Amino acid sequence: QVQLAESGGGLVQAGGSLRLSCAASERTFSGYDMGWSRQAPGKEREFVAAIRWSGGVTYYGDSVKGRFTISKDNAKITVYLQINDLKLEDTAVYYCAARLSTRSLVYFGDYRYWGQGTQVTVSS
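The structure presented is a predicted model; accordingly, all values stated were derived computationally and were not measured. (Residues numbered from 1 in each chain as written. Predicted model: local features only at pLDDT ≥ 70, side-chain atom pairs only at ≥ 80, totals over all residues. Heavy atoms only, no water.)

> Tell me about the overall build of the protein, residues and numbers included.
In terms of regular secondary structure, the protein is built from one helix and 11 strands. In sequence order, the secondary structure elements of the protein are arranged as β-β-β-α-β-β-β-β-β-β-β-β. Against the globule reference of 14 Å for 124 residues, the protein gives a C-alpha radius of gyration of 13 Å, in line with a compact fold. Counting every position in the protein, which comprises 124 residues, the buried fraction comes to 45%. Of the contacts formed within the protein by residues at least 6 apart in sequence, a portion of 59% connects residues at least 24 apart. Counting only carbon and sulfur atoms, one obtains 47% of the accessible surface of the protein, whose full area is about 6,400 Å². Across the protein, 14 positive and 11 negative side-chain charges occur, with their mean positions spaced 3 Å apart. (Helix = DSSP H or I, 4+ residues; strand = E, 2+ residues; numbered from the N terminus. Rg over C-alpha atoms; globule rule 2.2 N^0.38 Å. Buried < 20%, exposed > 50% of the residue type's maximum accessible area, 1.4 Å probe, protein only. Contact = heavy atoms within 4.5 Å. Areas by Shrake-Rupley, 256 points an atom, 1.4 Å probe, with all protein chains shown as cover. Lys, Arg positive; Asp, Glu negative; His and termini not counted. Charge placed at Lys NZ, Arg CZ, Asp CG, Glu CD.)

Encoded structure:
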């Protein structure tokens, strides 16, 4: 069974940093691409970052390029999302996702497994 659990969200001032973590079951990690999406109040869910299961390929949404970094630690079976220079518009619930696919990382519909989400709130 695919299991994902996010952590690391919180209240941060604009300009600050956060690192989100997504703990995955061992089965999930092996061969699965991992990603992060977010949903702000009243807005559609936005896919912000993804990483190929091998770790060699990454994807970033235009709104987060240069500020977000996705990485994975196979030994800890954890995926991270480092968020720097937080902006008010980064306020959202952040979800970890997993998929088993050979298609490009931008095929977001392939992500079938989701965590419960972690809230990130950015204050001015």
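Structure shown, so let's carry the discussion forward.
> Can you explain the state of the cysteines? Please cite residues and give values.
Applying the stated criterion to the full structure yields one disulfide. The side chain of Cys22 participates in a disulfide bridge whose partner is Cys96; the two sulfur atoms lie 2.1 Å from each other. Between Cys22 and Cys96 the disulfide shows an S-S torsion of about -80°. By sign, it is left-handed. One end of the pair, Cys22, is in strand E3 (residues 18-24); the other, Cys96, is in strand E9 (residues 92-99), with 74 residues separating them in the sequence. Note on Cys22: relative accessible area 0%, which makes it buried. (Disulfide = S-S within 2.5 Å.)

> Which residues make up unusual backbone geometry, and what values do they have?
Excluding glycine, residues mostly have negative phi values, and the peptide bonds linking residues are mostly trans. We note that Ile77 has phi near 55°; this positive angle belongs to a residue other than glycine. Within the secondary structure layout, Ile77 lies in the loop between strand E7 (68-73) and strand E8 (78-83).

> Talk me through the nonpolar core; I want residue IDs and the actual numbers.
What tends to happen in soluble globular proteins is that the nonpolar side chains get buried as a cluster. The biggest cluster of nonpolar side chains holds 29 residues, and the ones touching the most others in it are Met34, Trp36, Phe68, Ile70, Leu81 and Tyr94. Where this core is concerned, the elements lending two or more residues are E3, strand E4 (33-39), strand E5 (46-51), E7, E8, E9 and strand E11 (118-123). For Phe68, the residues in contact, after removing those within four places along its chain, are Arg38, Val48, Tyr60, Leu81, Gln82, Ile83, Asp90 and Tyr94. Core analysis: the next-biggest nonpolar cluster, separate from the first, contains five residues, Phe47, Ala50, Ala97 and Tyr111 among them. (Core = buried A, V, L, I, M, F, W, Y, C linked by side-chain atoms within 4.5 Å.)

> Run through the packing of aromatic side chains, naming residues and quoting values.
For any pair of aromatic rings, the description consists of the separation of the ring centres together with the inter-plane angle of the planes. As enumerated under the stated definition, the model contains six aromatic pairs in all. When the ring of Phe47 is compared with that of Phe108, the centres are 4.5 Å apart and the planes differ by 10°; the resulting orientation is stacked. With Phe47 in strand E5 and Phe108 in the loop between E9 and strand E10 (113-114), this residue pair connects regions lying 61 residues apart in the sequence. A residue is classified by how much of its surface remains accessible, and Phe47, at 9% relative accessible area, is buried. Through pairs of rings, three or more aromatic residues link up here, namely Phe47, Tyr59, Phe108, Tyr111 and Trp114. Positioned over the ring face of Tyr95 is Arg45, at 3.9 Å from the centre of the ring. Of note, Arg45 hangs over the ring of Trp114, and the distance from its end group to the ring centre comes to 4.8 Å. (Phe/Tyr/Trp six-rings, centres within 6.5 Å; stacked < 30°, edge-to-face > 60°. Lys NZ or Arg CZ within 6 Å of the ring centre and 35° of its normal.)

Nothing here speaks to function; it is all geometry.
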